[in-house]
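For reference, the chains in residue letters:
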Amino acid sequence: MTTIHKMLGAISVFALSSMSVADVHADTLQDVLARGELIVGTGSANPPWHFTQNGQTVGFDADIGHILAQGLFNDPSKVRFVNQSSDARIPNLLTNKVDISCQAMTVTAARAQQVAFTVPYYREGVGLLMLDGGDYADFAALKAAGSDITVAVLQNVYAEQMVHQALPEAKVDQYESQNLIYQALNSHRADAVATDLSTLKWYMKNNSGRYTDAGYAWNPQSYACAVSPDDARWLQFVNTTLEQAMNGVEFERYAAAFEQWFGERPPAPETGFPSEMR
Amino acid sequence: MQWDYFLNQVISHRDALLQGTAITIGVSLSAIVAGTLLGIAIGVAVTYGIKPLRWPARVYIDIIRGTPVLVLVLATFYISSAVGLDLGAFQAGVLALTLFCASHVGEILRGALQALPRGQIEAGRAIGLTFAGIFRHILFPQALRYALPTWITAAVEMVKASTLLSVIGVAELLLTTQQIISNNFLNMQFYLLAGLIYFLIDFAIEQVGRYVGRRLDRPARRTT
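Computed from a prediction, not measured in an experiment: that's the story for all the values here. (Residues numbered from 1 in each chain as written. Chains lettered and ligands numbered in written order. Predicted model: local features only at pLDDT ≥ 70, side-chain atom pairs only at ≥ 80, totals over all residues. Heavy atoms only, no water.)

(A) Fine view of the overall build of chain B. Assigned secondary structure in chain B consists of nine helices and zero strands. Along chain B, from the amino end to the carboxyl end, the secondary structure elements read α-α-α-α-α-α-α-α-α. With respect to the three principal axes, the spread of C-alpha positions in chain B is 70 × 50 × 25 Å. For chain B, with 224 residues in total, the buried portion stands at 50%. For chain B, contacts bridging at least 24 residues in sequence account for 77% of all contacts bridging at least 6. Mean positive and mean negative side-chain charge positions of chain B (17 and 11 charges, respectively) differ by 16 Å. (Helix = DSSP H or I, 4+ residues; strand = E, 2+ residues; numbered from the N terminus. Buried < 20%, exposed > 50% of the residue type's maximum accessible area, 1.4 Å probe, protein only. Contact = heavy atoms within 4.5 Å. Lys, Arg positive; Asp, Glu negative; His and termini not counted. Charge placed at Lys NZ, Arg CZ, Asp CG, Glu CD.)

The following block contains the structure:
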């Protein structure tokens, strides 16, 4: 994975340097309107964020794409999802293969040097999933086991550091895709899976009685979409659309998606003093 | 093992599985056919070409064979965009595998051609054949026998390498399998099924190769 990250990093730098010369013009908003559809880069195998059902891309990230399409064309269906791996989120933006990447992307300062993040549309945390009736009962037992335990986690530049924030001595095994970390747990290669709380809840809901939550959450982080840098008008449009979905006239659409995928309704915006200013 | 549930899931996702399998076969076959044709040209160039042809062909073989397929896939996908050639993920993937296949076929053919006695070219010239005629009627049919087993291995490798296209978003069989698993969480069962399908595709290629090999080994039919 480190190798793939290095390769994609090099490609990103190459693409960025090529585009700074070749692609001075950047008016994605105009391009998207002229094209008549929005191209959203997202994944296809990470529920409840983005996955495939009956040949369609669904999930909360997909619904964010529909909200943007509604804002652009007054038609939520005018969106095309480009299937991309999580490593491809930035390179695909920098090479104009997608207009926007909405793929459970954690906002970090390092990434913000390469892409422009939109306003966050979800606040995520990390939890630990274990087999029900397994060797360790809860988080305290995991921590007490020290270096005897192995935690499976999705490959990520920060994955090892992130697990060690909660379990400093645990061994960390990184896997390429979401389903492989659960496979590691099922086959007892790992004692626990460190994954997003939203994903953890979704997995437990769909596998009733097989798993348990260790009962510890940490590493709060913001999820946002990302757009190509140096396209302020496009970023401004997306931000306005997302803000109005979370706090304004499109709240019902956002709330319905939130409730469908996370099982709870987000707090409704209040009238009077603008909630955006709090 | 939840076999009933698994079978139901296979049936309900059969269209996706068939489509993923078709894309795997389509990508692999396209790369094998195009890569073989390009590889034959490269193999001939590196064996019999004049220096301005031979050296670029040699460099091509050495660089592409020495490059991991994943790097080729990523480079083809992203660099093509950066230079203004807007290839889709499928097209970029086929191109990357074609380039890789061609480098292998070129080297395989070079080895096979160099194993043939030099005197056969001279004998062909003696009976008035052009180089194209000598290659077509004398060298290539013999080289094919030497090259076939390793060519089959290269073709099987292309099927396996097609799994790497998932990284650029081509929904081939492996990515399709992961998409299905994300719905039903039957990890082991669907990975085993995918493994079985890959085996069947590779087995079919091997059988075709063996059939062709048997045909080539048959003595030529006498016409007198």
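(B) Quick look at the packing of helix H2 (residues 14–48) of chain B against helix H8 (residues 173–184) of chain B. Residues and elements named next belong to chain B. Look at H2 against H8: their axes get within 8 Å of each other, and the N-to-C directions meet at 160 degrees. When the axis of H2 is compared with that of H8, the two are roughly antiparallel. Note on packing geometry: the crossing formed by H2 with H8 is right-handed. In contact with Ala16, Leu17, Gly20, Thr21 and Thr24 of H2, H8 contributes Leu173, Thr176 and Ile180. Class assignment for the residues of the contact of H2 with H8 results in four nonpolar, four polar and no charged. (Axes fitted to C-alpha atoms, helices over the stretch in contact; angles between N-to-C directions. Parallel < 35°, antiparallel > 145°, perpendicular 65-115°, else oblique. Left-handed = near helix turned anticlockwise from the far one by under 90°. Nonpolar A, V, L, I, M, F, W, Y, C, P; charged D, E, K, R; others polar.)

(C) Highlighting the UniProt feature "domain: ABC transmembrane type-1" (unreviewed entry) in chain B. UniProt marks residues 21–209 of chain B with the feature "domain: ABC transmembrane type-1" (unreviewed entry), using the numbering shown here. Annotated as residues 21–209 of chain B, this span is 83% helix and 0% strand, and its ends, taken at the C-alpha atoms, are 21 Å apart. (UniProt positions renumbered as here; feature names shortened; annotations may be inferred.)

(D) Here's a closer look at the interface of chain B and chain A. Across the contact, 24 residues belong to chain B and 29 residues belong to chain A. When the two sides are added together, the surface that chain B and chain A hide from each other amounts to roughly 2,300 Å², 61% of it contributed by carbon and sulfur. On the surface where chain B and chain A come into contact, there are zero salt bridges. Across the chain B-chain A interface, the total number found is 12 residue pairs in polar contact (both at pLDDT 80 or more). Elements with a contribution of two residues or more to the side of chain B that touches chain A: helix H4 (69–82), H8 and helix H9 (187–217) of chain B. Per element, the largest residue contribution to the side of chain B that touches chain A is nine residues, and it comes from H4 of chain B. Residues belonging to the side of chain B that touches chain A are distributed by class as follows: 16 nonpolar, seven polar and one charged. (Buried area = accessible area lost by both parts, 1.4 Å probe. Salt bridge = Lys/Arg side-chain N within 4 Å of Asp/Glu carboxyl O. Polar contact = N/O pair within 3.5 Å; in protein donor to acceptor, adjacent residues only side chain to side chain.)

(E) Here's a closer look at the state of the cysteines. All names here are of chain A. In the structure shown here, the tally under the stated rule is one disulfide over all chains. In this model cysteine 102 forms its disulfide with cysteine 225; the gap between the sulfur atoms is 2.2 Å. As the torsion about the S-S bond is roughly 110 degrees, the cysteine 102-cysteine 225 disulfide counts as right-handed. Placement of the pair is cysteine 102 in the loop between strand E6 (100–101) and helix H5 (109–112) and cysteine 225 in the loop between strand E13 (218–223) and strand E14 (226–227), with a sequence separation of 123 residues. By relative accessible area, which is 0% here, cysteine 102 ends up buried. (Disulfide = S-S within 2.5 Å.)

(F) Structural view of the sheet that holds strand E4 (residues 56–58) of chain A. Overall, antiparallel pairing links the three strands, which are arranged E2-E3-E4 (chain A) in an open sheet. Both outer strands of the open sheet, strand E2 (45–46) and E4 of chain A, are each paired with one neighbouring strand and no more. Bridging between strand E3 (residues 50–53) of chain A and E4 of chain A involves three bridges; their strand directions are antiparallel. Each bridged residue has a counterpart across the sheet, and for phenylalanine 51 of chain A the counterpart in E4 of chain A is valine 58 of chain A. Sitting on the sheet, H8 of chain B touches E2 and E3 of chain A, and the angle it makes with E3 of chain A is about 95 degrees. (Pairing = 2+ DSSP bridges.)

(G) Geometry of empty space enclosed by the protein. Considering all chains together, one arrives at one cavity of 30 Å³ or more under this definition. Computed from the structure, the largest cavity encloses a volume of approximately 70 Å³. Lining the largest cavity are Ala45, Pro47, Gln178, Asn179, Tyr182, Thr199, Trp202 and Tyr203 of chain A together with Ile181, Ser182, Phe185 and Asn187 of chain B. Counting only elements with at least two residues in the lining of the largest cavity, the list comes to helix H8 (178–186) and helix H9 (197–206) of chain A together with H8 of chain B. Taken together, the residues of the lining of the largest cavity break down into seven nonpolar, five polar and no charged. (1 Å grid on protein atoms, 1.4 Å probe; cavity = no way out; pocket = protein on both sides within 12 Å on 5 of 7 lines; lining within 4 Å. Points joined across faces, edges and corners; volume = space filled by probe spheres on them.)

(H) Looking closely at unusual backbone geometry. Residues and elements named next belong to chain A. Of the consecutive residues proline 47 and proline 48, the connecting peptide bond is found in the cis state with omega at 0 degrees. Take proline 48: it is sitting in the loop between E2 and E3. The phi angle at asparagine 74 is positive, at roughly 55 degrees, despite the residue not being glycine. Structurally, asparagine 74 can be placed in the loop between helix H3 (60–73) and strand E5 (79–83). Look at asparagine 74 and you get exposed, because its relative accessible area is 62%. Not every positive phi belongs to a glycine, and aspartate 230 is a case in point at roughly 65 degrees. Within the element layout of this structure, aspartate 230 appears in the loop between E14 and helix H10 (232–247).

(I) Highlighting the side chain of serine 101 of chain A. Relative to the assigned elements, serine 101 of chain A resides in strand E6. In this structure the side chain of serine 101 of chain A is engaged in a polar contact, spanning 3.1 Å, whose partner is the side chain of glutamine 84 of chain A.

(J) Quick peek at the pattern of salt bridges. Summed over all chains, the structure comprises 12 salt bridges over all chains. With a closest N to O distance of 2.6 Å, aspartate 99 of chain A and arginine 35 of chain A form a salt bridge. With aspartate 99 of chain A in the loop between helix H4 (89–94) and E6 and arginine 35 of chain A in helix H2 (residues 28–35), this residue pair connects regions lying 64 residues apart in the sequence. With relative accessibility at 8%, the residue aspartate 99 of chain A sits in the buried group. The partly exposed category is assigned to arginine 35 of chain A, whose relative accessible area is 37%. In this structure, glutamate 157 of chain B engages lysine 160 of chain B in a salt bridge whose closest nitrogen and oxygen atoms are separated by 3.2 Å. Pair noted here: glutamate 157 of chain B and lysine 160 of chain B are both in helix H7 (residues 131–161), with a separation of three residues, about one helical turn. Residue class for glutamate 157 of chain B comes out partly exposed when judged on its relative accessible area of 37%.

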